[in-house]
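Commentary on secondary and tertiary structure
Chain residues, written in single-letter form:
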Amino acid sequence: MITHTHRPLRVVLYEGNGSIALPAESRAKVMMALLDQGYTVTRSGQGASAMPHDDRSLLVLGSFEGKAPALEDATGLVSIDTRDITGLDPDAIVALVGKSRGDKPMNEPGKWKPWFPVIDYSRCTNCMQCLSFCLFDVYGVSEDNKIQVQNNDNCKTNCPACSRVCPEVAIMFPKYQAGPINGDEINESEAGREKIKVDISSLLGGDIYSALKDRSAAAKSRFSKERSPDKALDERKKCLTKLVGDGFIPADVLASLPSTEEILKKAVIAKAKAAAALAAQ
Amino acid sequence: MSSSPATILYCRCAYAQVVPTGVKNDVLQQLCASEASFETVSDLCEMAAHRDPRLQAIASCGKLRIAACYPRAVKGLFQQAGSPLPADTEILNMRTQTAQEITDALLSESSIQQPISSIEP
């Protein structure tokens, strides 16, 4: 789990009783600017409000005509600050929010891309192939022996390789451009055609991706006969290099692969985890 | 048509820009031009990555209509963050649908804002 969460302020654009509504164009401009800076924003209109409880501070903006009310959360859990925006243009309103936030850190778009696998459990068969495949310990097993994403901050940005080898097309990367990796609906006939079972040994042999393209029995037989750690790693490197050339794996991911020893160690651990989880099912 | 009101949630997809800018801007502008109250977040993926507790608040606030991206991905994000969406959640896809289709669905009769807790200065 990524733990560096910084979202110190929730903004409420209050246009209910006691506040004059902004012109629609100004409202849209303010909301777009705040969202693009990483804030969450509620538009609370006349007669209703939408404020799910939250453990953070609220900044309530309203055209209170100079009389911003003092507000207090009935539960005492949320601190509420109010600001009068009467007469302010959208840029000034956005600046006011920034000033209210002060120097508190906040997650901001542009500095990081939320890139991690999302498992579609309606398709996942818990085969553990992704656990065996990923070299970066992104996957793990829950207490009830279900595959889960445990270390999404280990995932290599723009690398959707585990999604490509999932036999059930159950792994999504929502920020990916193309389907079905991005979560688009799946053509079931294509999904069936793409099914392939691999394990870490095929990864070490560097043949997993070419196997996706050429699944002949002869190739598999040849692969298993020639398997040895050194040769396998050489082939794997060639294959990965080709994948980089084909645009399947970003170059920086290839450059950050663990050492040979680490890969072998991870392979043993991952295989044992997967075997234990499968045996316990 | 369902008579129960729905909460509207708009995702800006601000961290990666995979949603077409024109569509997401048009949807937000049309929401802003309406009378509806609604929730907006900068990026649901970013929130899911951080297991943001606000996802739980959103998932537990009753009937939902969400403007974001592919429904399979949105459901998966909430589930993976430990806050599965209610089965009757409607998810509109700004990557494939038009802004008009989305706002028509978001603002249809049954999507009047569900009050979760009220604030009246």
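Residues numbered from 1 in each chain as written. Chains lettered and ligands numbered in written order. Predicted model: local features only at pLDDT ≥ 70, side-chain atom pairs only at ≥ 80, totals over all residues.

Observations regarding the overall build of chain A
Each helix and strand in chain A was counted, giving eleven helices and eight strands. Within chain A, the proportion of its 281 residues that are buried is 36%. Intrachain contacts of chain A at a sequence separation of at least 6 include 63% that bridge at least 24 residues. (Helix = DSSP H or I, 4+ residues; strand = E, 2+ residues; numbered from the N terminus. Buried ≥ 20, exposed ≤ 12 C-beta atoms within 10 Å, placed from the backbone. Contact = placed C-beta atoms within 7 Å.)

Observations concerning the overall build of chain B
If you tally the helices and strands in chain B, you get five helices and four strands. Along chain B, helices and strands appear, N-terminal first, in the series β-α-β-α-α-β-α-β-α. By sequence separation, contacts in chain B at least 24 residues apart represent 79% of the contacts at least 6 residues apart.

Topic: helix H2 (residues 90-101) of chain A
Residues and elements named next belong to chain A. Compared with an ideal rise of 1.5 Å per residue, which puts twelve residues at 16 Å, H2 spans 17 Å between its outermost C-alpha atoms and is within 8% of the ideal. For H2, the complete set of buried residues consists of Pro 90, Ile 93, Val 94 and Val 97. Down the axis of H2, the buried set is contained in an arc of 100°. They therefore lie on one face. Along H2, the residues that are exposed and aim more than 90 degrees away from the buried face are Asp 91, Ala 92 and Lys 99. Packing partners of the buried residues in H2 comprise strand S1 (9-14), helix H1 (24-36) and strand S3 (57-62). (Expected span 1.5 Å × (residues − 1). Arc of directions from axis to C-beta.)

Section: the packing of H1 of chain A against helix H1 (residues 21-33) of chain B
Their axes nearest at 8 Å, the elements H1 of chain A and H1 of chain B cross at an angle of 130°. Considering their axes alone, H1 of chain A and H1 of chain B lie oblique with respect to each other. The handedness of the crossing between H1 of chain A and H1 of chain B is right-handed. Packed against H1 of chain A, whose contacting residues are Ala 24, Arg 27, Ala 28, Met 31 and Met 32 of chain A, the element H1 of chain B presents Asn 25, Leu 28, Gln 29, Cys 32 and Ala 33 of chain B at the interface. (Axes fitted to C-alpha atoms, helices over the stretch in contact; angles between N-to-C directions. Parallel < 35°, antiparallel > 145°, perpendicular 65-115°, else oblique. Left-handed = near helix turned anticlockwise from the far one by under 90°.)

Section: the sheet that holds S1 of chain A
Hydrogen bonds between backbone atoms are what pair the strands of a sheet, whose relative direction is either parallel or antiparallel. Read from one edge of the open sheet, eight strands run S4(A)-S3(A)-S1(A)-S2(A)-S2(B)-S1(B)-S3(B)-S4(B), paired in mixed fashion. Looking along the sheet, the strands with just one partner apiece sit at the ends: strand S4 (80-84) of chain A together with strand S4 (90-93) of chain B. Taking each pair of neighbouring strands and ignoring which way they run, the sheet shows an average axis angle of 20°. Direction of pairing for S3 of chain A relative to S4 of chain A: parallel, over a ladder of five bridges. (Pairing = 2+ DSSP bridges.)

Quick look at the packing of H1 of chain B against helix H5 (residues 99-106) of chain B
Residue and element names in this part refer to chain B. Where H1 meets H5, the axes come as close as 9 Å, and the angle between the chain directions of the two elements is 35°. Read as a crossing pair, H1 and H5 show a hand that is right-handed. Residue-level inspection shows Val 23, Asp 26, Val 27, Gln 30 and Leu 31 of H1 in contact with H5, the latter providing Ala 99, Ile 102, Thr 103 and Leu 106. Looking at side-chain class alone, the contact of H1 with H5 contains six nonpolar, two polar and one charged residues. (Nonpolar A, V, L, I, M, F, W, Y, C, P; charged D, E, K, R; others polar.)

So, the pairing of strand S2 (residues 40-44) of chain A
Judged by how many residues are buried, S2 of chain A sits mostly within the fold: five of five residues are covered. Alternating residues of S2 of chain A divide into Thr 40, Thr 42 and Ser 44 of chain A and Val 41 and Arg 43 of chain A, and every residue in both groups is buried. Pairing between S1 of chain A and S2 of chain A: five bridges, direction parallel. Of the residues in S2 of chain A, the one forming a bridge with Val 11 of chain A is Val 41 of chain A. As for the winding sense of the linkage, the β-α-β connection from S1 of chain A through H1 of chain A to S2 of chain A is right-handed. Where S2 of chain A and strand S2 (residues 38-41) of chain B come together, three bridges link them in antiparallel fashion. Bridging from a neighbouring strand, Val 41 of chain A pairs with Thr 40 of chain B of S2 of chain B. (Right-handed = clockwise from strand over helix to strand, strands pointing away.)

Structural notes on the environment of Gly 76 of chain A
All names here are of chain A. Structurally, Gly 76 is set in the loop between S3 and S4. Overall, Gly 76 belongs to the exposed group, with 7 C-beta atoms counted inside 10 Å. Note: C-alpha distance between Gly 76 and Ala 272 (196 residues apart in sequence) is 49 Å.

Considering H5 of chain B
Residues and elements named next belong to chain B. Here H5 has its buried residues at Ala 99, Ile 102, Thr 103 and Leu 106. End-on view of H5: buried residues confined to an arc of 90°, all on one side of the axis. Summarising the contacts, the buried residues of H5 are in contact with strand S1 (7-11), H1, strand S3 (64-68) and S4.

Quick look at the nonpolar core
Residues Val 11 and Met 31 of chain A together with Ala 67 of chain B are the most contacted members of the largest nonpolar core, which totals 91 residues. Considering each element in turn, this core owes the most residues, six residues, to H1 of chain A. A domain-level breakdown of this core finds at least three residues from each of domain 1 (9-101) and domain 2 (118-280) of chain A. (Core = buried A, V, L, I, M, F, W, Y, C linked by C-beta atoms within 7 Å. Domains from an automatic or database assignment.)

Describing unusual backbone geometry
With glycine set apart, most residues show a phi of negative sign, and most peptide bonds adopt trans. Residues and elements named next belong to chain A. Cis peptide bonds are those with omega within 30 degrees of zero, and the linkage from Gly 179 to Pro 180 qualifies with 0°. Mapped onto the secondary structure, Pro 180 falls in the loop between strand S8 (171-172) and helix H5 (188-194). Of note, Glu 65 is a non-glycine position whose phi angle comes to about 55°, a positive value. By the secondary structure assignment, Glu 65 is in the loop between S3 and S4. Since 12 C-beta atoms lie within 10 Å of it, Glu 65 is described here as exposed.

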